Structures are given as structure tokens and as C-alpha cells.
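Residues per chain are reported as follows:
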Amino acid sequence: MKIKFTKMHGAGNDFIVIDAVRQSVNLTAEQCRQLADRRLGIGADQILVVERPSQAGIDFRYRIFNSDGGEVEQCGNGARAFVKFVVEKGLTEQREIRVETMSGVISPRLEDDGQVTVNMGAPVLAVERVPFDSSGLQPSQVGQIALWPLEVNGSSVSIAALSMGNPHAVQWVSNVDDAPVAAQGPLIEHHQRFPRRVNAGFMQLVDRGHIRLRVFERGAGETLACGTGACAAVVAGILHGDLDSPVAVDTRGGRLTISWQGGESPVMLTGPAVSVFEGSFES
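The text that follows walks through the structure, step by step, so that each part is easy to find. (Residues numbered from 1 in each chain as written. Predicted model: local features only at pLDDT ≥ 70, side-chain atom pairs only at ≥ 80, totals over all residues. Heavy atoms only, no water.)

Brief notes about the pairing of strand E8 (residues 116–119)
For a regular strand, side-chain orientation follows a simple rule: the groups alternate between the two sheet faces. Condition: In this scheme, strands are said to pair when DSSP sees at least two bridges between them. A run of DSSP states H or I qualifies as a helix once it reaches four residues; a run of E qualifies as a strand once it reaches two. Both are numbered from the N-terminal end.
Direction of pairing for strand E7 (residues 104–110) relative to E8: antiparallel, over a ladder of four bridges. Across the sheet, the residue bridging to leucine 110 is valine 116, located in E8. Joining the antiparallel neighbours E7 and E8 is a turn of five residues, in which glycine 114 adopts a positive phi near 90°. Two elements, E8 and strand E18 (residues 268–271), share four bridges in a ladder whose sense is antiparallel. If you follow threonine 117 over to E18, its bridge partner there is threonine 270.

Take a look at the structure:
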């Protein structure tokens, strides 16, 4: 059976987007790995599946599979691609939709200029809910956020642990171009203190409204952009006392804009979503 797909990206974070409303789709982890393979498949950081909602008052269900085949809770750049896809494919006439994910409900909105804004919900700062095992560790409190010492390859790395629907470990670096993303990223991702693994973010402060960011994503490796990673970095930077909302986040794939008013207010993520090509594959 042939399954139709659309290849999309958000600031270089690329996706295979599949309509499971109008066609029958039941992908295995192995199929996801094959599709995401950049030499033997279509190639993507994540595979996004559009499904009918399972609850009232929701427009769609949003499922996310990383390139390693694992299903994950959230993807901010993918949420932007998601709303553009369902509008372009005529699955909805609404420009703002409510979407259920593994981590809760989000509300992406397609703007008149083609950019997409996503209400990502409030950040989670309680470490047991990230989840992060802080037993035996003594954090340093800087501003309104705790920085935790994390042993990585014999050295101590200071990180902020928080969740944007998926877990993040954010560290401050002087220059992202020289940051040890390839060396430390996989070690932090699989660190025993993160029982569900973690996305490792490397943040460089430019000024109070601007950062540069690289993220080694859980299950995907370093990507050109990470929407939830940008949200997590900005939240950490604001609580640390370094940043003021809104913040421009420059990734290797392009610029995202993050706004957050603090406390339980939602983090707002704005950025591009681009359709690249369409095709089909045998299932």
C-alpha cells in the first residue's frame, strides 16, 4: 500500500509529515528508522503523524517519532509544520487549532505572513517532573533557577534541567561554534540522571534579547533547530537573569522568536514552516 507524505522543515529541522486522517497508517519503529535514513530513505529528523483526536474539544492528535524510531512527547518546530500541513491539505479551515500530544494540548496558529506561532504551555521546573534525578546533588541557585552539577566524562558541567513537554538540559557556553556538542551531547542525552533521556542544549548569550543555540536532540542527534530547545533555553536565561522577553534565537537553520512572561504563563514560539516536496512510499 502506498502512503502519501509531505517533506517539510522549520528552520532546518526537517520532517516527514503523514496524513493518517484520510489514509490508514500504522508505522513500526523500524519503518520510521528506514524513512528517516538520509541515504537509504527519505531523510528527516522526525516523522509527524496527523490523526483524529481522541477527546472532545480538540482538532487533531499529533504524534512524533524521532529518527531512531522512538515516539516522543513534543516537538515545537514540528508543531509549526503540523498546522501549516493541515491547513494546506484542507483538513481544517481554521488558522489556529488545538492539538493533543503525549505531553498535553498545544495551540499552533498560522499567521498572515506565513510564520507560525505555537502556544507551548508553561515550562516545568520541578526536577522530578522533568524528570531529573537530583539525589545527592547540591545545586547553585542563580536568580530564580537552580543550576545542577552534572558529571560528564570526568568533568562537571553546570546545567539547568527543565521540561517543555520533553526534557532539556541547558548549559551556557561562550561560543556555540566551539561548543562540545558532538562530544558531550550523546553523553548528556543518555546520562543516568535523566531516566527518559534528555535534549542537550548549548546556549550562547549575545545580548538581553538575543541568543545563539545548538541542541543535541534525544533520539535524533544534533539538528539544525529545536523549537522546544529554544523555549527551554530562553526560559532558563530569563530565570537566570540574562534575558528579557521576547528573545531572538539563532540556530544553525534559522531564527526563532520566543516570548515568555514568567510563572505559569505559556511560552510562545514563533518561526517558519516550509513545505519542500511531496511523495509516497510503500508500506
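A short note on the environment of aspartate 250
What counts here: A contact between two residues is defined here by any heavy atoms of the two lying within 4.5 Å. Residues adjacent in sequence count toward polar contacts only when both atoms are side-chain atoms; beyond that, a polar contact is any pair of N or O atoms within 3.5 Å, and within protein one must be able to donate a hydrogen and the other to accept it.
Along the chain, aspartate 250 turns up in strand E16 (residues 247–251). Linking aspartate 250 and valine 152, residues 98 residues apart in sequence, is a C-alpha distance of 26 Å. Residues within four places of aspartate 250 in sequence aside, it is in contact with His210, Ile211, Arg212, Leu213 and Arg255. Side-chain polar atoms of aspartate 250 contact the side chain of histidine 210, separated by 2.7 Å. Engagement of the side chain of aspartate 250 in a polar contact is seen with the side chain of arginine 255, the distance being 2.7 Å.

What to know about the side chain of arginine 214
By the secondary structure assignment, arginine 214 is in strand E14 (residues 210–217). Among the polar contacts listed, one links the side chain of arginine 214 to the side chain of glutamate 222, at a separation of 2.7 Å. Among all residues touching arginine 214, those that are not within four sequence positions of it are Val176, Asp177, Ala179, Val181, Ala200, Gly201, Phe202, Glu222 and Arg252.

Here we look at the packing of aromatic side chains
Here is the rule we go by: Stacked, tilted and edge-to-face pairs are distinguished by plane angle, under 30 degrees for stacked and over 60 for edge-to-face with tilted covering the rest, among Phe, Tyr and Trp rings (Trp via its six-membered ring) whose centres lie within 6.5 Å.
Per the stated rule, a full pass over the model turns up six aromatic pairs. Ring plane angle 40° and centroid distance 6.2 Å describe the contact between phenylalanine 5 and phenylalanine 281, whose orientation is recorded as tilted. Taken together, the residues span a long stretch of sequence, with phenylalanine 5 in strand E1 (residues 2–10) and phenylalanine 281 in strand E19 (residues 274–282) at a distance of 276 residues. A connected cluster of aromatic rings, assembled from ring pairs, spans Phe5, Phe277 and Phe281.

Examining the pattern of salt bridges
For the record, the criterion: Just to be clear on terms, a salt bridge is a Lys or Arg side-chain nitrogen sitting within 4 Å of an Asp or Glu carboxyl oxygen. Three exposure classes are used, based on accessible area relative to the maximum for each residue type with a 1.4 Å probe and protein chains only: buried under 20%, partly exposed in between, and exposed over 50%.
Evaluation of the coordinates by the stated rule reveals 18 salt bridges. Across the salt bridge formed by arginine 63 and glutamate 71, the nearest N and O atoms sit 2.9 Å from each other. Look at arginine 63 and you get partly exposed, because its relative accessible area is 22%. By relative accessible area, glutamate 71 is classed as partly exposed at 30%. Across the pair arginine 197 and aspartate 68 runs a salt bridge, and its minimum N-O distance is 3.4 Å. Here the residue arginine 197 occupies a position in the loop between helix H3 (181–189) and strand E13 (199–207), and aspartate 68 occupies one in the loop between strand E4 (60–66) and strand E5 (71–72), the gap between them amounting to 129 residues. Classification of arginine 197 as partly exposed rests on a relative accessible area of 25%. Put simply, Lys7, Asp14, Arg38 and Asp45 are held in one network by salt bridges that share partners.

Notes on helix H2 (residues 76–88)
This is how it is decided: Expected span of a helix, by definition, is 1.5 Å for each gap between consecutive residues, and there is one gap fewer than residues.
Between its terminal C-alpha atoms H2 stretches 19 Å, which fits the 18 Å expected from 13 residues at 1.5 Å a residue. Of all 13 residues that make up H2, 11 are buried, and the element is covered over most of its length. Listed as buried for H2 are Gly76, Asn77, Gly78, Ala79, Arg80, Ala81, Phe82, Val83, Lys84, Phe85 and Val86.

Quick look at the side chain of glutamine 46
Along the chain, glutamine 46 falls in strand E3 (residues 46–51). Looking at glutamine 46, its side chain comes within polar contact range of the side chain of asparagine 66, at 3.0 Å. What glutamine 46 contacts, discounting residues up to four positions off in sequence, is Asn13, Asp14, Phe15, Ile16, Ile64, Phe65, Asn66, Cys75, Glu217 and Ala220.

Remarks on the nonpolar core
Quick reminder of the rule: Here, nonpolar core refers to any group of buried Ala, Val, Leu, Ile, Met, Phe, Trp, Tyr and Cys residues whose side-chain atoms link them within 4.5 Å.
In terms of nonpolar packing, the biggest core is built from 56 residues, with Val50, Tyr62 and Val249 touching the most fellow members. With nine residues, the single largest contributor to this core is helix H4 (residues 227–240). Residues contacting valine 249, with those up to four places away along its chain left out, are Ile211, Leu213, Ala230, Val234, Gly254, Arg255, Leu256 and Ile258. Counting residues in hydrophobic clusters, the runner-up holds 21 residues, among them Val130, Ala146, Trp148 and Val152.

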